[in-house]
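Structural characterization, general
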Amino acid sequence: MLAVKVPKREAENARRKLIELGVLARGYAVRREGESVLFPVTEPVEGFELLEADFERLERRPHSYREVIEVPDEVRPLLPNSFDIIGEIAIIELPEELMPYGKAIGEAILRVHRHIKAVFAKGSKVSGEYRVRELIHLAGEKRTETLHRENGIRLKLDVAKVYFSPRLATERMRIFKKTRPGEVVFDMFAGVGPYAVLLAKRAKLVFACDINPWAIRYLEENTRLNRANNVVPILGDVREVAGRLKADRVIMNLPKFTDRFLKEAMLSVKDGGIIHYYGFGPEEDLYSEHEAKIKTIARELGFTVEFLEERKVRPYAPRQFNIAIDFRVLK
Ligand SMILES: C[S@@+](CC[C@H](N)C(=O)[O-])C[C@H]1O[C@@H](n2cnc3c(N)ncnc32)[C@H](O)[C@@H]1O
């Protein structure tokens, strides 16, 4: 094929120039010949020595498990484009029609993503007080404990015993950026501590409550792993804890039932403090219902609220979003 020949010392500049001109032929290994380097090109290029040469084809590594999986053509369009990765564990949502191919899908994921050691399918929706789901083992190691890295912290957790979603990483960073040194934070539904441990890097003190003993066990371990000595893990029902402490910032990450805990959150925040409220809302009217509930509880307690920011956090279900509302409480 057509090639340009350049002295070795000019190779890097030549490569950049050929890319810039859009003439470097992709998928071939560049060749060295004595003190020269040969680049494959798609058309003649002015200012370079041109010649004919053979090049070895580069084997392209597949980017997606969908490139290596073998399934019947009729189910191929159902293969999900994405899946969650928590540490070394992949969790994929498969429609019923793909379940018979679960093992093959799991093995394809392991082949393409070398850092993944175990693959599970979602076996149910997140449910119950602990907000966990059933998992179906598809391939790889039969283990559910892993170490996940996010926003510069390390989180040990068991995906079968506690709630954890890597899709909230950006939202957690948003709250971290709002946190000011010296603040007292109350994380009402802390899980294994992705908010609490992160915010502890800035806040003076973080109270982190959860009703799931496994979550608190991992939270304790995660405070040690990240030297977050200013996190106070509290095992129990937040209804019994709230009101006994006062915080500048309260995080309510239990979107399915947040509204049921508004009174506790408002009693726990200082005058002028901020509450980060999460919920689910339909696309056509994401916030109104939640705003109304927030105003009602505030009125009952004799407080007023000032809405600061509202945003979609992530899609949740068709035409449904996980939303966040930040508001200030004035007492
Ligand atoms: C959606 S998860 C969020 C966990 C964590 N904030 C995160 O981002 O991974 C909600 C958590 O609230 C806990 N929870 C549910 N009801 C509770 C209650 N009444 N008191 C304290 N924690 C509760 C669950 O065990 C679960 O870990």
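Once a new chain begins, its residue numbering starts again from 1 and follows that chain's sequence as written. Given that the model is predicted, a residue must reach a pLDDT of at least 70 before its local features are reported, and side-chain atom pairs must reach 80 or more before they are shown or counted; all residues, however, enter totals for whole chains, interfaces and linings. The side-chain numbers reported here are obtained from all heavy atoms of the structure, hydrogens and water having been left aside.

**Re the domain arrangement of the protein**
Domain start and stop positions are those given by an automatic or database domain assignment. According to the domain assignment, the protein consists of domain 1 (2-52), domain 2 (65-143) and domain 3 (165-330). Between the C-alpha centres of domain 1 and domain 2 the distance comes to 43 Å.

**Let's talk about the side chain of Arg249**
The helix count covers DSSP runs of H or I at least four residues long, the strand count covers runs of E at least two residues long, and both are numbered beginning at the N terminus. Of note, Arg249 is situated in strand β14 (residues 247-252). Beyond its immediate stretch of four places on either side in the chain, Arg249 contacts Ile175, Lys178, Thr179, Glu183, Val184, Val185, Phe186, Ile274 and His276. Residue contacts are defined here by distance: any two heavy atoms, one from each residue, within 4.5 Å place the two residues in contact.

**With respect to the nonpolar core**
Within the largest apolar cluster, 36 residues are counted, with the highest numbers of intra-cluster contacts made by Leu157, Leu199, Val206, Leu219, Val231, Ile251 and Tyr278. At the level of secondary structure, the elements contributing two or more residues to this core comprise β6 (89-92), β7 (118-122), β10 (153-158), α3 (169-178), α4 (196-199), β12 (205-210) and α5 (213-225). Mapped onto the domain boundaries, this core takes at least three residues apiece from domain 2 (65-143) and domain 3 (165-330). Residues contacting Leu157, with those up to four places away along its chain left out, are Ile86, Thr144, Glu145, Thr146, His148, Val162, Phe164, Val192 and Tyr218. Ranked by size, the runner-up nonpolar core spans 34 residues in total, among them Ile275, Leu286, Ile325 and Phe327. To qualify as a nonpolar core, a set must consist of buried Ala, Val, Leu, Ile, Met, Phe, Trp, Tyr and Cys residues joined through side-chain atoms within 4.5 Å. Buried, partly exposed and exposed residues are distinguished by accessible area as a fraction of the type maximum, computed with a 1.4 Å probe on protein chains only: under 20%, between the cut-offs, and over 50%, respectively.

**Overview of the site of the ligand**
Working definition: residue near molecule or strand if any one of its non-hydrogen atoms lies within 4 Å of it. Among the 21 residues in the neighbourhood of the ligand, the closest are listed as Arg172, Phe189, Asp210, Val238 and Asn253. Two N or O atoms count as a polar contact when they lie within 3.5 Å, although within protein this holds only if one can serve as hydrogen donor and the other as acceptor, and sequence-adjacent residues are included solely when both atoms are side-chain atoms. Contact distances for the ligand include 2.8 Å between a nitrogen atom and a backbone N or O atom of Phe189. Val238 places a polar main-chain atom, nitrogen or oxygen, 2.9 Å from a nitrogen atom of the ligand. Here the Shrake-Rupley method, with its probe set to 1.4 Å, supplies the accessible areas, and only the displayed protein chains count as covering residues. Here the ligand has 600 Å² of accessible area as a free molecule, and 98% of this is covered by the chains. Gly is put with the polar residues, along with every residue not named as nonpolar or charged; the nonpolar set is Ala, Val, Leu, Ile, Met, Phe, Trp, Tyr, Cys and Pro, and the charged set is Asp, Glu, Lys and Arg. When grouped by side-chain class, the residues that make up the shell around the ligand number 11 nonpolar, four polar and six charged. Two domains share the shell around the ligand, each providing at least three of its residues, namely domain 2 (65-143) and domain 3 (165-330).

**Some thoughts on the pattern of salt bridges**
Salt bridges are defined as contacts in which a side-chain nitrogen from Lys or Arg sits within 4 Å of a carboxyl oxygen from Asp or Glu. Under the counting rule described, the total for this entry stands at 26 salt bridges. Measuring nitrogen to oxygen at the nearest pair gives 4.0 Å for the salt bridge that ties Lys156 to Glu145. One end of the pair, Lys156, is in strand β10; the other, Glu145, is in strand β9 (residues 145-150), with 11 residues separating them in the sequence. A relative accessible area of 23% means that Lys156 is categorised as partly exposed. For Glu145, a relative accessible area of 31% puts it in the partly exposed group. When the shortest N-O distance is used, the salt bridge between Asp237 and Arg239 registers 3.2 Å. The class for Arg239 is partly exposed, based on a relative accessible area of 42%. Salt bridges linked by common partners bring Glu171, Arg174, Lys178, Glu309, Arg311 and Asp326 together as one network.

**Some remarks on unusual backbone geometry**
Although it is not a glycine, Arg131 adopts a positive phi angle of roughly 55 degrees. Positionally, Arg131 belongs in the loop between β7 and β8 (135-140). Although it is not a glycine, Arg319 adopts a positive phi angle of roughly 60 degrees. Looking at the secondary structure, you find Arg319 in the loop between β16 (304-317) and β17 (320-330). The exposure class assigned to Arg319 is exposed, which follows from its relative accessible area of 56%.

**Concerning the packing of aromatic side chains**
How two aromatic rings sit relative to each other is set out by the distance from centre to centre and by the angle between their planes. Ring pairs are drawn from Phe, Tyr and Trp, using the six-membered ring of Trp, whenever the two centres fall within 6.5 Å, and their geometry is named by plane angle: stacked under 30 degrees, edge-to-face over 60, tilted for the rest. Within this structure, the stated rule accounts for six aromatic pairs. Both rings, one in Tyr195 and one in Tyr278, keep their centres 6.3 Å apart while their planes meet at 55 degrees; by these two values the pair is tilted. Of the two residues, Tyr195 sits in the loop between β11 (184-187) and α4 while Tyr278 sits in strand β15 (residues 269-282), which places them 83 residues apart along the sequence. The ring centre of Tyr195 lies 5.6 Å from the NZ or CZ of Arg172, which sits over that ring. Here Arg217 stacks its cationic end above the ring of Tyr218, 5.7 Å away from the centre of that ring. Working rule: Lys NZ or Arg CZ, within 6 Å of ring centre, within 35 degrees of ring normal, means a charge sits over the ring.

**Quick word on the pairing of β9**
Sheet faces and side chains relate simply in a regular strand, where the side chains alternate between the two faces. Residues of β9 alternate between two faces, with Thr146, His148 and Glu150 buried on one and Glu145, Leu147 and Arg149 left unburied on the opposite face. Pairing between strands requires that DSSP locate at least two bridges from one strand to the other. Bridging between β9 and β10 involves six bridges; their strand directions are antiparallel. In the strand pairing of β10, Arg149 is matched with Arg154. The antiparallel hairpin formed by β9 and β10 contains two residues in its connecting segment, where Asn151 sits at a positive phi of about 50 degrees.

**Notes on α5**
The span one expects for a helix is its residue count, reduced by one, times 1.5 Å. The end-to-end C-alpha separation of α5 is 18 Å, in line with the 18 Å expected for 13 residues at 1.5 Å each. Turning to α5, its buried residues number three or more, namely Ala215, Ile216, Tyr218, Leu219, Asn222 and Thr223. For α5, the angular spread of buried residues about the axis comes to 165 degrees, placing them on one side. For α5, the secondary structure elements touched by its buried residues are β9, β10, α4, β12 and β13 (231-235). The opening residue of α5, the one whose side-chain oxygen lies 2.8 Å from the backbone nitrogen of Trp214, is Asn212. Count one or two residues on from α5 and you reach Arg227, which has phi positive near 50 degrees. The directions from the helix axis to the C-beta atoms are what the arc is built from.

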